[in-house]
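# A structural walkthrough
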Amino acid sequence: MTEAILLVGGKGTRLRPLTVHTPKPMVPAAGVPFLTHQLARARAAGVDHIVLATSYLAEVFEPHFGDGSALGLHLQYVTEKEPLGTGGAIRNVAERLRSGPDEPVLIFNGDILTGLDIRALVGTHQSTGADVSLHLTKVTDPRAYGLVPTDDTGRVLAFLEKPQTPEEIVTDQINAGAYVFRRSVIDTIPAGRPVSVERETFPGLLAAGAHLQGMVDSTYWLDLGTPAAFVRGSADLVMGRAPSPAVPGRRGDRLILPTARVAPDAKLTGGTVVGEGAFVAEGARVCGSTILPGAVIEPDAVVTDSLIGSRARVGERSVLTGAVVGDGAVVGADNELRDGVRVWCDARIPAGAVRFSSDQ
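Residues numbered from 1 in each chain as written. Predicted model: local features only at pLDDT ≥ 70, side-chain atom pairs only at ≥ 80, totals over all residues. Heavy atoms only, no water.

A tally of helices and strands in the protein yields 7 helices and 28 strands. Here the C-alpha radius of gyration of the protein, 22 Å, is about what a compact globule of 360 residues would show, namely 21 Å. Overall size of the protein, expressed as C-alpha extent along the three principal axes, is 70 × 50 × 35 Å. Within the protein, the proportion of its 360 residues that are buried is 55%. (Helix = DSSP H or I, 4+ residues; strand = E, 2+ residues; numbered from the N terminus. Rg over C-alpha atoms; globule rule 2.2 N^0.38 Å. Buried < 20%, exposed > 50% of the residue type's maximum accessible area, 1.4 Å probe, protein only.)

Below, the structure is given as structure tokens:
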């Protein structure tokens, strides 16, 4: 395996306001852009050439990663003028591939944090002679996902929409978002129009008699599509629950980037990350949270399972739980923000303006 396509064109609408100024794969997780972890894991598995299929805020990627040489990779970038969906994006970058018709091409999504054994997936693909091989994972409650039943040999039998009734739950296996394509199969995807690989390409191949192989790998898997999931994924990387060779420091309860400042009596736990140039003041308690570069957590603030954007500020004694604070926003002193709240970029919340308890 020497070649891969990485799909990084999505708008990340479920992650807003984190993605107002930053494409989802470039939002920092465990101190570096999330995409860095994916690139590093691909490199560790033997991949050396990756084509990034970009669209939303496409201009951000190349200035950061360049030609990929710093990561031991050769990176190329292809930008969609109009969103083409997963299948369309794969087809749109085909001309940049170097593989022969029968050689494997790894394809993965830019918003999945996984412990997938990439070499094992490629090995399964080659040993079974499949046209396409899919990483499958098992979930406790599959109702939110499309189901992928397989036979005893792992051959895919069908692609089923999200089940609506208990009777429709025929398997707990779902599509985990990483694939290996035979190179020639990519050329069969229609060019120049939106194509969903999940809804059109895979069912079409199956109907045409192609061999689609599933490999179940349930080590670690998390869709980082929501703010809560993204914060949890970053914490899992810091604590070593999720694998990555790109975490810039020792695994443990906290990760403090080199130019960050943390008061001696501030308490950081639960995989908290404090980004470059950020400051956590005296008496503050931060658990399981991501503090992005330049942000400030003022004295005695309590921040739990939250993400604080670049240059944002959380005021004294404010309590945030499950919150997202956009870049440059200011949460004044003595506020309480609870699960699911999103403070937009550059917004200003006055002192004591939002509370869920009395002010006594």
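Counting 28 residues, the largest nonpolar core has Ile5, Ile107, Phe181, Ile186 and Phe202 as the members making the most contacts within it. Elements supplying a minimum of two residues to this core: strand 1 (3-7), strand 4 (49-54), helix 3 (85-92), strand 6 (104-109), strand 8 (132-138), strand 9 (173-182), helix 5 (183-186) and helix 6 (197-207). (Core = buried A, V, L, I, M, F, W, Y, C linked by side-chain atoms within 4.5 Å.)

Further remarks concern unusual backbone geometry. Cis geometry marks the peptide bond from arginine 16 to proline 17, where omega comes out at 10°. One can find proline 17 in the loop between strand 1 and strand 2 (28-29). Backbone geometry places arginine 317, a non-glycine residue, at a positive phi of 65°. Among the structural elements, arginine 317 can be located in the loop between strand 22 (313-314) and strand 23 (319-321).

A word on the sheet that holds strand 16 (residues 279-280). With parallel pairing, 6 strands are arranged side by side in an open sheet as 13-16-19-22-25-28. Taken across any chain shown, the strands that pair with only one partner, and hence form the sheet edges, are strand 13 (261-262) and strand 28 (348-349). (Pairing = 2+ DSSP bridges.)

What follows covers helix 6. The set of residues buried in helix 6 consists of Val197, Thr201, Phe202 and Leu205. Viewed end-on, helix 6 has its buried residues packed into an arc of 85°, placing them on one side of the element. Away from its buried face by more than 90 degrees, helix 6 exposes Arg199 and Ala207. Buried residues in helix 6 make contact with helix 3, strand 8, strand 9, helix 5 and strand 10 (212-216). Positive phi appears at glycine 209, one or two residues downstream of helix 6, with a value of about 90°. (Arc of directions from axis to C-beta. Contact = heavy atoms within 4.5 Å.)

We now examine the packing of aromatic side chains. Inspection of every chain in the model, using the stated rule, returns 6 aromatic pairs. With a centroid separation of 6.5 Å and an interplanar angle of 65°, the aromatic rings of phenylalanine 34 and phenylalanine 230 are classed as edge-to-face. Highlighted residues: phenylalanine 34 in helix 1 (residues 34-44) and phenylalanine 230 in helix 7 (residues 227-239), separated in sequence by 196 residues. Residues phenylalanine 34 and phenylalanine 230 agree in their burial class; the two are buried. Ring geometry for tyrosine 145 versus tryptophan 221: centroids 6.0 Å apart, planes at 70°, classification edge-to-face. Residue tyrosine 145 is found in the loop between strand 8 and strand 9, and its partner tryptophan 221 is found in strand 11 (residues 221-223); the two are separated by 76 residues along the sequence. (Phe/Tyr/Trp six-rings, centres within 6.5 Å; stacked < 30°, edge-to-face > 60°.)

Take the sheet that holds strand 6 next. Taken in spatial order, the 7 strands of this open sheet run 5-4-1-6-9-8-10, and their pairing is mixed. Two strands close off the open sheet at either side, each with one partner strand: strand 5 (74-79) and strand 10. Each neighbouring strand pair of the sheet contributes to a mean axis angle of 25°, computed without reference to strand direction. For strand 1 and strand 6, the ladder comprises 4 bridges, and the chain directions are parallel. Bridge pairing in strand 6 links isoleucine 5 to isoleucine 107. Of the strands in this sheet, strand 6, strand 8, strand 9 and strand 10 are in contact with helix 4 (residues 118-128), which crosses strand 9 at around 65°. (Axes fitted to C-alpha atoms, helices over the stretch in contact; angles between N-to-C directions.)

With that settled, the discussion passes to the packing of helix 3 against helix 6. Two numbers describe how helix 3 lies on helix 6: the axes approach to 7 Å, and their chain directions differ by 70°. Classified by the interaxial angle, the pair formed by helix 3 and helix 6 is roughly perpendicular. On the side of helix 3, the interface is formed by Thr86, Gly87 and Ile90, while helix 6 contributes Val197, Glu198 and Thr201. Residue composition of the contact of helix 3 with helix 6, by class: 2 nonpolar, 3 polar and 1 charged. (Parallel < 35°, antiparallel > 145°, perpendicular 65-115°, else oblique. Nonpolar A, V, L, I, M, F, W, Y, C, P; charged D, E, K, R; others polar.)

Further remarks concern the pairing of strand 6. Among the 6 residues in strand 6, 6 count as buried, and that is most of the element. For strand 6 and strand 9, the ladder comprises 5 bridges, and the chain directions are antiparallel. Along strand 9, the bridge assignment pairs phenylalanine 108 with alanine 178.

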